[in-house]
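# Coordinates in review
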Amino acid sequence: MDLVTLKDIQEARERIKGQVKYTPVLQCSEADRLTGRQVYFKAEHLQSTGAFKIRGALNAVALLKSRSDKEGVKHPGVVTHSSGNHGQALARAASVVGLPCTIIVPKGTPACKMDAIKRFGAELIECYPSPSGRIEAMQKVCKETGKVYISSCDDPDIIAGQGTIGLELLEQVPDVDAILVAMSGGGLASGVGVAIKALRPSCRVYLVTPLGKMMEQCLRSGEREWPNPPQFLDTIAEGIKLQQAGHNAFKILQEVAEKEVFEISDEEMIEAMKFSFHRMKQVIEAAAGAAVAALFTDKMASLPADIKKVGVIVCGGNVDITNLPWYDSFSKGY
């Protein structure tokens with residue numbers, strides 16, 4: 001049985017309609033010139049809360065609230081651990097439907113992300129900056145409060161919500177040949193991949209990661225070859241620093257993603273952010289910079305010539321402008 005289907009994604013779109021933006025697709029003649037292809041930037045950095053995450057969060061909490069209302073019980077609320085963007089999204093989504101919400105963030109999370117979480121009325125807890133630290137803090141909240149954990153990448157309702165981006169992109173660029181999407185746990189990539197492959201099977205879905213992710217190795221072997229316990233990658237892109245993909249997301253990505261993965265260095269992300277700032281006048285975070293950077297790699301240049309139209313998911317724009325990664329004072333925060 002499929003974990004997430006096109007029908008799930010279409011239903012998610014109806015469920016969150018009116019609460020999320022239909023984000024534009026942007027073009028840049030300089031990107032076209034440098035790549036020799038037509039590039040279409042899906043501007044999720046202009047989405048509510050500054051990133052795509054609100055789509056999945058709204059879908060998940062709306063379904064939770066609907067189920068508890070039907071059962072006639074008061075829902076205890078939701079909790080998650082997040083590098084920031086999923087936390088913001090879940091905090092806002094919970095406020096929309098009236099559910100209590102707790103967000104666990106690792107110490108060093110950008111202040112702009114933490115401030116946004118608090119503005120939406122969620123309880124904010126900082127934890128030790130490691131995957132195990134996040135999980136332990138989340139489990140403590142679940143045990144003490146009864147709140148339900150909403151994964152940023154493995155919850156099928158989250159994945160379905162993120163997949164709505166794929167539906168929109170295919171309406172905007174029906175003949176797109178390939179898509180570049182940055183990934184951490186893989187919720188965005190798996191959801192978009194399901195939508196794209198269901199409606200345009202010939203379109204290639206390429207994953208983009210920081211160095212050291214091991215995603216191509218795992219896809220080619222079909223095994224979860226990552227070391228345990230889970231760890232963070234050493235990268236400026238805090239939004240995609242988790243090394244391991246989610247279990248459900250990995251299963252989906254084995255079916256919908258290309259085995260060839262773009263690994264991007266910090267330096268390449270910085271140059272792509274600068275390109276976006278200067279050439280496109282768009283403020284993006286480093287995770288989105290990774291997807292943009294993939295455009296200008298030798299690997300992209302070597303892809304088949306029949307890939308003429310390339311979509312890039314610009315996943316977020318929540319960057320701390322007082323701590324940009326090319327400043328001498330820049331700190332990764334951990």
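One can find the structure itself at the top, above this paragraph.
As the structure is a computational prediction, the values presented were derived from the model and not from experiment. (Residues numbered from 1 in each chain as written. Predicted model: local features only at pLDDT ≥ 70, side-chain atom pairs only at ≥ 80, totals over all residues. Heavy atoms only, no water.)

## Thoughts on the overall build of the protein
- Scanning the protein for helices and strands turns up 13 helices and ten strands.
- Against the 2.2 N^0.38 benchmark of 20 Å for 334 residues, the protein shows a C-alpha radius of gyration of 19 Å, consistent with a compact globule.
- Across its three principal axes, the protein shows a C-alpha extent of roughly 55 × 45 × 40 Å.
- Looking at the protein as a whole, 58% of its 334 residues qualify as buried.
- A fraction of 74% describes how many contacts in the protein between residues 6 or more apart in sequence connect residues 24 or more apart. (Helix = DSSP H or I, 4+ residues; strand = E, 2+ residues; numbered from the N terminus. Rg over C-alpha atoms; globule rule 2.2 N^0.38 Å. Buried < 20%, exposed > 50% of the residue type's maximum accessible area, 1.4 Å probe, protein only. Contact = heavy atoms within 4.5 Å.)

## Let's talk about the sheet that holds strand β4 (residues 101-106)
- Pairing within the open sheet is parallel, and its four strands lie in the order β5-β4-β3-β6. Both outer strands of the open sheet, β5 (123-127) and β6 (148-149), are each paired with one neighbouring strand and no more.
- Across two bridges, strand β3 (residues 78-81) lies against β6 in parallel orientation. Bridge assignment links valine 79 to a residue of β6, and that residue is tyrosine 149. (Pairing = 2+ DSSP bridges.)

## Topic: the environment of lysine 7
- For lysine 7, the location among the structural elements is in helix α1 (residues 6-16).
- Classification of lysine 7 as exposed rests on a relative accessible area of 52%.
- For the pair formed by lysine 7 and alanine 237, sequence separation is 230 residues and the distance between their alpha carbons is 32 Å.

## A closer look at the pattern of salt bridges
- Scanning the entire structure with this criterion turns up 18 salt bridges.
- The partner of lysine 42 in a salt bridge is glutamate 168, with the nearest N and O atoms 2.7 Å apart. Pair noted here: lysine 42 is in strand β2 (residues 38-43) and glutamate 168 is in helix α7 (residues 156-172), with a separation of 126 residues, a long-range link. As far as the burial class goes, lysine 42 and glutamate 168 line up, both buried.
- Among the salt bridges present, the one from aspartate 306 reaches arginine 204, with a minimum N-O distance of 3.8 Å. With a gap of 102 residues between them, aspartate 306 in the loop between α13 (298-301) and β10 (309-314) and arginine 204 in strand β8 (residues 204-210) connect regions that are remote in the sequence.
- What you see here is one network of salt bridges that share partners, running through Lys42, Glu44, Arg55 and Glu168. (Salt bridge = Lys/Arg side-chain N within 4 Å of Asp/Glu carboxyl O.)

## Examining the nonpolar core
- Grouped together as the largest cluster of nonpolar side chains are 77 residues, with contacts concentrated most on Phe41, Leu180, Leu207, Met215, Leu253, Phe262 and Val312.
- Looking at which element gives the most residues to this core, the answer is helix α12 (residues 286-294), with eight residues.
- Discounting residues that sit within four places of it in the chain, methionine 215 has contacts with Met183, Leu207, Thr209, Trp226, Ala245, Phe250, Leu253 and Val261.
- If you look at the next biggest cluster of nonpolar residues, it comprises 23 residues, including Val20, Ala57, Ala89 and Cys101. (Core = buried A, V, L, I, M, F, W, Y, C linked by side-chain atoms within 4.5 Å.)

## Details of the side chain of glutamine 88
- Mapped onto the secondary structure, glutamine 88 falls in helix α4 (residues 85-97).
- In this view, glutamine 88 contacts Thr49, Lys113, Ala116, Ile117, Phe120 and Asn318; residues no more than four positions away in its chain are not counted.

## Things to note about the sheet that holds β2
- Spatially, the six strands line up as an open sheet ordered β1-β2-β10-β7-β8-β9, and their pairing is mixed. A strand with exactly one partner marks an edge of an open sheet, and here the two such strands are β1 (25-26) and β9 (262-264).
- The sheet contact formed by strand β7 (residues 178-182) and β8 spans five bridges and is parallel. By the bridge assignment for β8, valine 181 is matched with leucine 207.
- Packing against the sheet, α7 makes contact with β1, β2, β7 and β10, and its axis sits at approximately 140 degrees to β2.
- Of the strands in this sheet, β7, β8 and β10 are in contact with helix α8 (residues 187-199), which crosses β7 at around 165 degrees. (Axes fitted to C-alpha atoms, helices over the stretch in contact; angles between N-to-C directions.)

## Examining empty space enclosed by the protein
- In total, this model carries two cavities of 30 Å³ or more according to the counting rule given.
- One number sums up the size of the second largest cavity: a volume of about 40 Å³.
- Around the second largest cavity sit Leu26, Phe41, His45, Ser276, Met280, Gln282, Ile284, Val292 and Val314, which together line it. (1 Å grid on protein atoms, 1.4 Å probe; cavity = no way out; pocket = protein on both sides within 12 Å on 5 of 7 lines; lining within 4 Å. Points joined across faces, edges and corners; volume = space filled by probe spheres on them.)

## Quick word on the pairing of β7
- Within β7, five of the five residues are buried, leaving the element largely enclosed by the surrounding structure.
- Crossover handedness for the path β7 to α8 to β8: right-handed.
- For β7 and β10, the ladder comprises three bridges, and the chain directions are parallel. Looking at the pairing, isoleucine 179 lines up with glycine 311 of β10. (Right-handed = clockwise from strand over helix to strand, strands pointing away.)

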